[in-house]
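Residue-level structural notes
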Amino acid sequence: MSETATPTAIRNAVIRLAGRSQDGIQSVGAFLAQLAGSTAQDVMTYMTIPSTISGGPSIFQVHLGSGEVLHPGDESDTLVAFYQDSYDNHLASLKDGGICFYDSENVTELKEERGIIHIGVPFTSATIEAIGGSGKTRGKNIFVLGMLCAVYKLDRQAITDIIAKKFGRKSEDVLRNAMLAFDAGYAWPVHDIEHMPMSPGENDPGKDRISTDGNTMLALGLIAGGCRFGAGYPITPWSTIMEMLRSELPKYGGMFIQSEDELAAIASAIGAAYSGHLAITGSSGPGLSLKSEALGYACMAELPLIVVNIQRGGPSTGMPTSVEQSDLMQAIYGTHGDAPRVVLAPRDVEDCFYTAVEACRIARDYSTPVVILSDQAIATRIEAFPEPDLEAHWIEPMLDLSTCPTDNKPYPLDRITRHAPPGCPSPDGKYPVVTGLEHDEWGHPSGSPKMHEAMTAKRRNKLKQLAAELPPADFYGDESGDLIIVGWGSTFGPIREAVDRLRAEGHKVSSLHLRHIHPIRADIGDIFQRFTHILVPEMNDEGMYGFGQLAMLLRATTCNPAIQSLNKVQGLTFRVKEIVVKAEEILASN
């Protein structure tokens, strides 16, 4: 990704592009991320987009690294500002002494502060000059891409190949104009700074690497895990999973239905699950609320069902394009009655694939609904990682309707539910039934108090069995110490980086990251006992009692009063510095 490293080569670069959604800055960030994915570099992106159809202010931040990249970057090394408001709103994100490229035709008022280097470039007119007057403002994002590639001495041939692959599908004229804009940006004389070549990547060059977003990897993981039926309704930021499954499932003998509403979607998935298919439905928080009654039906009927929730900000329709982790309690308890289900949360884009595969296995093995809790940050950001070994994880589902077990009780009290093919009678002529009513071992409705108690225990105990079989949680650092930082979902990267910084300062700090949110392994309490303080950063509110949702769950589970919360509800992910500062406050209180 770079030319031969020089003594001035840099290992990390955080680039923030600030403009409007119509400017194509997401495309620039995606090109840079794809470049990293095709080499031994690492990358993580972050973006904000307006929730209105008409568009509005938007950013795309790219963190390129020679080694492991765990977070999108607390501060940017380079800011590209397309407009005056872009400059005014994002100059504070630039580190002291950083570089600000600004469109000199739109940004006229500069703030000379903190040693920031300002470089004015006429993005629009330079692009028009390169591709001709008919170009108007189109192509200025590719001009900026070329300029950044020159400044950081990125692999010019590799990036032009990516551009050719992207625009070559449209027309020869579109590709020609894109390349003219790129070449003009690459050749633009930036005399005020020295070029900053990136150091060579340190990831294993022998492994095939890809770069993509979390929703793509979730969809691929569901297909690999054996899902062949899906139903859903569009909502941000879940919709791209639905769109991908709709186009890809038919290639593997499956289908996806866009339903008229959320209730119809989960009802269709439940029907497919009863017929023997591993089915999936999904949404964001508002849609999960609408699905909750039917989700309770799936818990009562003990059907294997995958429910994906890509969390976004706020209650009601809230902040559709912002990130939050406020649906945890909803995922675990969000139905009436005692309706236990499994809840998993991927930690990053790569983990979305493996979490989806595991969700499919658990749903089948335990005949239970499994909720996958991702969030807007993981769903939309791009990361680079080794391509998964599909052969090792591929499940080819087999739908066998030819035989019927001798003992055809679908709900035996002494073992996990196994549904027979629909309409298949047992040897004594009884037909099993699936119902939302409480039932006996045949599934026939029952009002018996003892049967209700026994069936409630059956549904609960299989999750306890799962808890005893779960792999160890993702533990990092010393086995004991002054502080352990516990997280879930997209807090993984900032927490891991914060631990590294604190350990470099000499603190005995570790981290524990949970993929299995419900049930939780029973040994979590034993781990906590080995640490003086426990900090749980999460993107939800501290509520009435001063604790976030996971922190409350852990306090209830372990009865450990050392658990503290660090909460953030700005619609933004955690900065590493925020976690470090809170941890230092706790450690100083000893």
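Residues numbered from 1 in each chain as written. Predicted model: local features only at pLDDT ≥ 70, side-chain atom pairs only at ≥ 80, totals over all residues. Heavy atoms only, no water.

Side note on the nonpolar core
A general tendency of soluble globular proteins is for nonpolar side chains to be buried together. We apply this condition: Among buried residues, those of type Ala, Val, Leu, Ile, Met, Phe, Trp, Tyr and Cys that are joined through side-chain atoms within 4.5 Å constitute a nonpolar core. For each residue, the accessible area found with a 1.4 Å probe, counting protein chains only, is set against the maximum for its type, and the residue is called buried under 20%, exposed over 50%, and partly exposed in between.
The biggest cluster of nonpolar side chains holds 51 residues, and the ones touching the most others in it are F101, F123, V144 and L145. Core analysis: the second largest hydrophobic core is formed by 47 residues, L288, L305, I527 and I563 among them.

A word on the pattern of salt bridges
For clarity, the threshold we go by: Salt bridge, as used here: a side-chain nitrogen of Lys or Arg that lies within 4 Å of a carboxyl oxygen of Asp or Glu. Elements are defined by DSSP. Helices are runs of H or I of four residues or more, strands are runs of E of two residues or more, and each kind is numbered from the N terminus.
Evaluated as defined, the whole model comprises 27 salt bridges. Ionic pairing is found between E248 and K251, a salt bridge with its closest N-O pair at 3.0 Å. According to the relative accessible area criterion, E248 is buried, its value standing at 19%. Among the ionic pairs, E441 bridges to K409, the shortest N-O distance being 3.8 Å. Taken together, the positions of E441 in the loop between α14 (390-393) and α15 (449-469) and K409 in the loop between α14 and α15 put the pair 32 residues apart, joining distant regions of the chain. Since its relative accessible area comes to 25%, K409 is described here as partly exposed.

With respect to the packing of helix α3 (residues 123-131) against helix α6 (residues 172-187)
Rules: Lines fitted to C-alpha atoms define the axes, with helix axes restricted to the stretch in contact, and inter-axis angles between N-to-C directions lie between 0 and 180 degrees. Here the word oblique covers every angle except those under 35 degrees (roughly parallel), over 145 (roughly antiparallel) and from 65 to 115 (roughly perpendicular). Note on convention: the crossing is left-handed when the near helix lies turned anticlockwise from the far helix by less than a right angle, right-handed when the turn is clockwise. The contact definition used throughout considers only heavy atoms, calling two residues in contact when any of these lie within 4.5 Å.
Viewed as axis vectors pointing N to C, α3 and α6 meet at an angle of 125°, and their least axial separation amounts to 9 Å. Classified by the angle between their axes, α3 and α6 sit oblique to one another. Two packed elements cross with a definite hand, and for α3 against α6 that hand is right-handed. Seen from α3, the contacting residues are T127, A130 and I131; seen from α6, they are N177, L180, A181 and A184.

What about the packing of aromatic side chains?
Rule in force here: A pair of aromatic rings is counted whenever rings of Phe, Tyr or Trp (Trp by its six-membered ring) have centres within 6.5 Å, and the orientation is called stacked for planes under 30 degrees apart, edge-to-face for over 60 and tilted otherwise. Placement of a charge over a ring requires the Lys NZ or Arg CZ to be within 6 Å of the ring centre, with the centre-to-atom vector within 35 degrees of the ring normal.
Here the structure, examined in full by the defined rule, presents eight aromatic pairs. Ring centres of F475 and F531 lie 6.3 Å apart, and the angle between their planes is 50°; on these two criteria the pair is classed as tilted. Note that F475 is positioned in strand β15 (residues 474-476) and F531 in strand β19 (residues 531-538), a separation of 56 residues in sequence. Among the aromatic residues, ring-to-ring pairing joins F82, F123, F143 and W188 into one connected group. Taking NZ or CZ as reference, R156 lies 4.2 Å from the ring centre of Y186, over its face. The aromatic ring of F492 is capped on one face by R347, whose charged end is 4.0 Å from the ring centroid.

So, helix α5 (residues 156-167)
Side chains that are three or four residues apart share a direction in an α-helix, a result of its 3.6 residues per turn. Our working rule: To estimate how far a helix should reach, multiply one less than its number of residues by 1.5 Å.
Look at α5: 16 Å from first C-alpha to last across 12 residues, which is about the 16 Å you get at 1.5 Å a residue. Taken together, the buried positions of α5 are A158, I159, T160, I162, I163 and F167. The inward-facing, buried residues of α5 abut α1 (25-37), α4 (140-151) and α6.

A look at the sheet that holds strand β11 (residues 305-311)
Selection criterion: Two strands pair under a simple rule: DSSP has to find at least two bridges between them.
An order of β9-β8-β10-β11-β13-β12-β18 is seen for the seven strands of this open sheet, with the pairing classed as mixed. Looking at the sheet topology across the chains shown, the edges are occupied by β9 (255-258) and β18 (516-518). Averaged over all neighbouring strand pairs, the angle between strand axes comes to 20°, with direction disregarded. Here β11 runs beside strand β13 (residues 369-375); their pairing, made up of seven bridges, is parallel. Its bridge partner being in β13, I306 is matched across the sheet by V370.

Some words on helix α12 (residues 349-366)
Put simply, the rule is: Polar contact is defined as a pair of N or O atoms within 3.5 Å, subject to the rule that within protein one atom must be able to donate a hydrogen and the other to accept it, and that residues adjacent in sequence are counted only when both atoms are side-chain atoms.
For α12, built from 18 residues, the straight-helix expectation of 26 Å at 1.5 Å per residue is met to within 8% by its first-to-last C-alpha distance of 26 Å. A large share of α12 lies buried, amounting to 13 of its 18 residues. Regarding α12, its N-cap is D348, as a side-chain oxygen of that residue lies 3.4 Å from the backbone nitrogen of E350 further along. At the C-terminal side of α12, S367 shows a positive phi close to 45°.

Thoughts on the pairing of strand β10 (residues 279-283)
For a regular strand, the rule is simple: side chains alternate between the two faces of the sheet. What counts, and what does not: Clockwise travel from the first strand over the helix to the second, with the strands pointing away from the viewer, marks a crossover as right-handed.
For β10, a buried count of five out of five residues is recorded, marking the element as mostly surrounded by other parts of the structure. The two faces of β10 match: A279, T281 and S283 on one face and I280 and G282 on the other face are all buried. Summarising the sheet, strand β8 (residues 229-232) and β10 pair through four bridges and their orientation is parallel. What sits directly across from G230, in β10, is I280. Note: β10 against β11, five bridges, orientation parallel. Each bridged residue has a counterpart across the sheet, and for T281 the counterpart in β11 is V307. After leaving β10, the chain enters helix α10 (residues 285-301) and then returns to the sheet as β11, a path that is right-handed.

Section: the domain arrangement of the protein chain
Defined as follows: Here the bounds of each domain stem from an automatic or database domain assignment.
As assigned here, the protein chain comprises domain 1 (12-187), domain 2 (212-386), domain 3 (400-469) and domain 4 (474-588). One C-alpha centre belongs to domain 1, the other to domain 3, and the line joining them spans 58 Å.

Regarding the state of the cysteines
Spelled out, the test is: Cysteine sulfur atoms are paired as a disulfide whenever they fall within 2.5 Å.
Under the defined criterion, the tally for this structure stands at zero disulfides. Not part of a disulfide, C299 finds its nearest cysteine sulfur in C227, a span of 16 Å.

Remarks on the sheet that holds strand β17 (residues 509-514)
One open sheet holds the five strands; their spatial order is β15-β17-β16-β19-β20, and the pairing between them is mixed. Each of the sheet's edge strands pairs with one partner strand only, and the pair in question is β15 and β20 (563-567). For this sheet the average axis-to-axis angle between neighbouring strands, irrespective of direction, equals 20°. Sheet topology places strand β16 (residues 481-488) next to β19; four bridges connect them, and they run parallel. Across the sheet, the residue bridging to G481 is F531, located in β19. Of the strands in this sheet, β15, β16, β17 and β19 touch helix α16 (residues 492-504), which is tilted by about 170° from β17. Sitting on the sheet, helix α18 (residues 549-558) is in contact with β16, β17, β19 and β20, with an inclination near 145° to β19.

A few points about unusual backbone geometry
Following T236, the chain continues into P237 via a peptide bond in cis, with omega recorded as 5°. Along the chain, P237 falls in the loop between β8 and α8 (239-248). Here H518 and P519 are connected by a cis peptide whose omega angle stands at 0°. In this structure, P519 sits in the loop between β18 and α17 (524-528). Although it is not a glycine, R114 sits at a positive phi angle of roughly 55°. With respect to the helices and strands, the residue R114 is situated in the loop between β5 (94-103) and β6 (117-121). Take R114: its relative accessible area is 32%, and that puts it in the partly exposed class. You will see that S316, though not glycine, has its phi angle at about 55°, which is positive. By the element assignment, S316 lies in the loop between β11 and α11 (328-333).

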